[in-house]
Amino acid sequence: MAEYILETRGLGISFGGLKAAQDVNLKIRPGQLYGLIGPNGAGKTTIFNLLTGVYRPTTGSFLLDGEDLTGLKQEAINHKGIARTFQNIRLFNNMSVIRNVLVGLHNQPEYKCSPFSSMFRLPRHFETEQKMRDRAKELLRIFDLEEERNNLSCNLPYGKQRKLEIARALATNPKLLLLDEPAAGMNPHETEELMRTIRYLRDNFGVTILLIEHDLKFVTGLCDEVTVLNFGTVLAQGQVTEALNDPEVIKAYIGG
């Protein structure tokens, strides 16, 4: 295993003459809870889009567990071990809660079944289907969603939809989980519960978590280290309190 689960080297992208991100260097160790923060328009989601193949970098590269994934397509990057959630929830609204999670499990080799077995409904097909449902229910249980598994995802309250999206991402068995504003729109009770769940995922699933979040109380209560972006460039990096007390970071957040 490489020293860093994620390493970006001079990562950047330009749209025409606009440098949306430039010279971003991240080094995240296995098992870390790491924050990517900054004011609106700082380039945080752009970095997520680069790491998941939505955008192709115009400069630099990124490595997952020592393997260079720069330029791979979204599906290939997911297969390598990076999964994400979105700032705006993207569930399959007209599918049940459990089927949303089953979609993520189809990515896993242990649940592959030959077309022949599926076509002729052989025992192997039903065994695989049952194993997938058992795993999906196990993931839903972590997020207290098992009792809602047969409901349409669009009928879940907002906070539970957020949790379902994380459960679906986790179903792809990622090494690195990218959470884009996971606490957005949640009340204080839901936010505290989500913090406990994220710690549980890190401690029990061995997944490293990189998150974008505007709630600085959430970040300071959860993250080991942060990188602060502003206008696509790195302002500060390191321990959370140290980075947030940097004069340039304070200036970026409150003006001056």
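Refer to the structure presented above.
Note that the structure is predicted; figures quoted are calculated from it, not measured. (Residues numbered from 1 in each chain as written. Predicted model: local features only at pLDDT ≥ 70, side-chain atom pairs only at ≥ 80, totals over all residues. Heavy atoms only, no water.)

J.: Would you mind going over the sheet that holds strand β10 (residues 225-230) in detail, with residue names and values included?
T.: Two pairing modes exist for strands in a sheet, parallel and antiparallel, and in both the strands are linked by backbone hydrogen bonds. The strand order β7-β8-β9-β4-β10-β11 describes an open sheet built from six strands, whose pairing is mixed. The two strands at the open ends of the sheet, each matched to only one other strand, are β7 (82-84) and β11 (233-239). On average, each strand axis in the sheet is inclined to that of its neighbour by 20 degrees, with strand direction left out of account. Pairing of strand β4 (residues 33-37) with strand β9 (residues 208-212) involves four bridges; the strand directions are parallel. Each residue of the ladder has a partner; that of L36, found in β9, is I212. Contacts between helix α1 (residues 44-51) and the sheet are confined to β4, β7, β8 (176-180), β9 and β10, with β9 contributing the most and set at about 140 degrees to the helix. Seen against the sheet, helix α10 (residues 247-254) touches β4, β10 and β11 and runs at an angle of roughly 120 degrees to β11. (Pairing = 2+ DSSP bridges. Helix = DSSP H or I, 4+ residues; strand = E, 2+ residues; numbered from the N terminus. Axes fitted to C-alpha atoms, helices over the stretch in contact; angles between N-to-C directions. Contact = heavy atoms within 4.5 Å.)

J.: Hey, could you go over the pattern of salt bridges for me, with residue numbers and the actual values?
T.: Two side chains with opposite charge may pair up if their charged atoms get near one another. The final tally for this structure, using the stated rule, is 10 salt bridges. Residue K175 pairs with D65 through a salt bridge whose shortest N-O separation is 3.5 Å. Note that K175 is positioned in the loop between α6 (158-170) and β8 and D65 in the loop between β5 (59-64) and β6 (67-68), a separation of 110 residues in sequence. Linking K80 and E67 is a salt bridge whose minimum nitrogen-to-oxygen distance equals 2.9 Å. Of this pair, K80 sits in helix α2 (residues 74-80) while E67 sits in strand β6; the two residues are 13 residues apart in sequence, bridging distant segments of the chain. What makes E67 partly exposed here is its relative accessible area of 36%. Three or more residues are tied together by salt bridges with common partners; here these are R202, D203 and D224. (Salt bridge = Lys/Arg side-chain N within 4 Å of Asp/Glu carboxyl O. Buried < 20%, exposed > 50% of the residue type's maximum accessible area, 1.4 Å probe, protein only.)

J.: With reference to specific residues and values, describe the packing of aromatic side chains.
T.: Under the counting rule described, the total for this entry stands at two aromatic pairs. Ring centres 5.2 Å apart and planes at 75 degrees place the aromatic pair F15 and Y55 in the edge-to-face group. Taken as a pair, F15 in strand β1 (residues 6-15) and Y55 in the loop between α1 and β5 lie far apart in primary sequence, 40 residues in all. F15 sits in the partly exposed class, given a relative accessible area of 38%. When the ring of Y200 is compared with that of F205, the centres are 6.4 Å apart and the planes differ by 65 degrees; the resulting orientation is edge-to-face. Directly above the ring of F86 sits R90, whose terminal nitrogen or CZ lies 4.1 Å from the centroid. (Phe/Tyr/Trp six-rings, centres within 6.5 Å; stacked < 30°, edge-to-face > 60°. Lys NZ or Arg CZ within 6 Å of the ring centre and 35° of its normal.)

J.: Go over the packing of helix α3 (residues 97-105) against α6, please, and point to the residues and values.
T.: Following both chains from N to C, one finds α3 and α6 inclined at 30 degrees, their axes separated by 7 Å at the closest point. Comparing the axis directions of α3 and α6 gives the class roughly parallel. Where α3 crosses over α6, the two elements pack in a sense that is right-handed. Here V97, N100, V101 and G104 of α3 come into contact with α6, specifically with L164, A167 and R168. Here the residues of the contact of α3 with α6 are counted per class, giving four nonpolar, two polar and one charged. (Parallel < 35°, antiparallel > 145°, perpendicular 65-115°, else oblique. Left-handed = near helix turned anticlockwise from the far one by under 90°. Nonpolar A, V, L, I, M, F, W, Y, C, P; charged D, E, K, R; others polar.)

J.: Go over the environment of R141, please, and point to the residues and values.
T.: With respect to the helices and strands, the residue R141 is situated in helix α5 (residues 123-142). Taking the C-alpha atoms as reference points, R141 and A167, 26 residues apart in sequence, are found 9.6 Å from one another. Engagement of the side chain of R141 in a polar contact is seen with the side chain of E146, the distance being 2.9 Å. (Polar contact = N/O pair within 3.5 Å; in protein donor to acceptor, adjacent residues only side chain to side chain.)

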